[in-house]
Amino acid sequence: MDQRSPDTTGDPVVLTGLGIAEGIPCDSRPYLVDRKNRKFMGPQDELAVIATANALQSAGLMERTLGERAGLFMAIGYIPFEKTDIELICENATDNGNFSMRQFSTVAYHKINPLLTFRCLPNMPAFHISMNFDIRGPYFVTYPGPGQYYMALHRACESLACGEADIAVVGAVAHQRNFLVEHHFRRIASTVEAQLLRDASGCLILEQESHARARSAKIKGKLRALSLRYLPHDPDAESPPSLLERCADEEIPEGEWGPCLLPVALNYHASGTFRHVLQAPDGIVASSTWEMA
C-alpha cells in the first residue's frame, strides 16, 4: 500500500478548525442534546465530544447544520477498563479456583454495571459525536494507534476529493490512565511509564479550499503533503518495528498520546511549517506536512 498525497494545487485540503481536550474528569454536558445520555458515556466519549465541540467552534460551524455533507473519521485508542471492575469479574468467574464460563456468564457478568459495556466500546465516541452534532455523512472508525489515525486522515481527504462530503471531522481519542491500558504498555515491555500516558482527544476540521472560502471560513492551515505506506514484516522471522514518532514542535507536552499526537500537536503549533513523521509497529509508515497560518 502506497497512498498518494492529496491535491495541493487545484483545490487543496485546508484546516479550518482545531480542538483538543486533555485530562479527566471532564464534563461534556454543555454539548449534549440530551444530558441524560451522559450515563452511557465513558471518559473517552466525553473527551471526544469536547474536542469535537472545540474544533467545530474554531471552524465557525457550531451554529450550522452539518447533516449528510459532513463526514466523521476517527481513530480510537486502546479499550479502557478499570481494575476494580476487572477484579469483580475475576472473583465471580471461577469455580474451585479455575475460570468457569458458566460462572462468568451467569454470575460475574451480572455483577458489573450493565452500562459499563457502552462506555468501553471503540465505536461509542463516534456515535456520541454524530448524534450530538448531527453528522450524518460518510464515516470511518479505526483502532488503536497513531498509524490508524493516518488511515482516518487519508480516508477523510479521499472523501473530500471525490465529493462525498464538504466537511471532514477527523478525530482521535485515548483514555490511557486506567488499569487495562497501563497493563498493556507494561506487557509489551514499553519504555513509556504510566505517568506519561495521556488521556486526551484531538480533532481537525478539514475542507477543500473552495468550500472554505465560499462560506468565508478562516483558513488556519493547509495540508501540503500526506504520505501513507504499509511495510509488512514476517512475525516469525523478525520483531515488529518499534514506534518512531517525531514532531517538528518542542512545545508539545511530554507523554504518550496514542492516536492523538498529530491533532494535539497541530493545536499547539501556532504558525509556520509543521511536519510529523511516523513509523508504527503495525507496519504503517506515514508523514504529513502542514503550512499553518
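Residues numbered from 1 in each chain as written. Predicted model: local features only at pLDDT ≥ 70, side-chain atom pairs only at ≥ 80, totals over all residues. Heavy atoms only, no water.

**Describing the overall build of the protein**
Phase 1: On a plain count of helices and strands, the protein comes out with nine helices and 12 strands.
Phase 2: Taken against the 2.2 N^0.38 rule, which gives 19 Å for 293 residues, the C-alpha radius of gyration of the protein at 20 Å falls within 12% of a compact globule.
Phase 3: Viewed in the frame of its principal axes, the protein has a C-alpha envelope of about 70 × 50 × 35 Å.
Phase 4: By the burial criterion, 48% of the 293 residues in the protein qualify as buried. (Helix = DSSP H or I, 4+ residues; strand = E, 2+ residues; numbered from the N terminus. Rg over C-alpha atoms; globule rule 2.2 N^0.38 Å. Buried < 20%, exposed > 50% of the residue type's maximum accessible area, 1.4 Å probe, protein only.)

**Observations concerning the packing of aromatic side chains**
Each aromatic ring pair is summarised here by two numbers: the centre-to-centre distance and the angle between the ring planes.
Phase 1: Counted under the stated rule, the structure contains four aromatic pairs.
Phase 2: A centroid spacing of 5.5 Å and a plane angle of 75° characterise the contact between Phe-40 and Phe-118, whose relative ring orientation is edge-to-face. Of this pair, Phe-40 sits in the loop between strand E2 (13–22) and helix H1 (43–58) while Phe-118 sits in helix H4 (residues 116–120), and the two are 78 residues apart along the sequence.
Phase 3: A relative accessible area of 36% means that Phe-118 is categorised as partly exposed.
Phase 4: Among the aromatic residues, ring-to-ring pairing joins Tyr-78, Tyr-143 and Phe-185 into one connected group. (Phe/Tyr/Trp six-rings, centres within 6.5 Å; stacked < 30°, edge-to-face > 60°.)

**Quick notes on the pattern of salt bridges**
Phase 1: The final tally for this structure, using the stated rule, is 11 salt bridges.
Phase 2: The shortest N-O distance in the salt bridge between Glu-209 and Arg-213 comes to 2.8 Å. Here the residue Glu-209 and the residue Arg-213 both occupy positions in helix H8 (residues 209–214), the gap between them amounting to four residues, near one helical turn.
Phase 3: The class of Glu-209 is buried, set by a relative accessible area of 13%.
Phase 4: With a shortest N-O distance of 3.3 Å, Lys-222 and Glu-209 are connected by a salt bridge. (Salt bridge = Lys/Arg side-chain N within 4 Å of Asp/Glu carboxyl O.)

**Considerations on H1**
Every α-helix carries 3.6 residues per turn, so stepping three or four residues along brings you back to the same face.
Phase 1: When the terminal C-alpha atoms of H1 are compared, their 23 Å separation across 16 residues agrees well with the 22 Å that a helix rising 1.5 Å per residue should span.
Phase 2: H1 sits mainly inside the fold: 12 of its 16 residues count as buried.
Phase 3: At its buried positions, H1 is contacted by E2, strand E3 (70–76), H4, helix H5 (124–133), strand E7 (167–174) and strand E8 (200–208).
Phase 4: Once H1 finishes, Gly-60 follows within two positions and takes phi at roughly 70°, a positive value. (Expected span 1.5 Å × (residues − 1). Contact = heavy atoms within 4.5 Å.)

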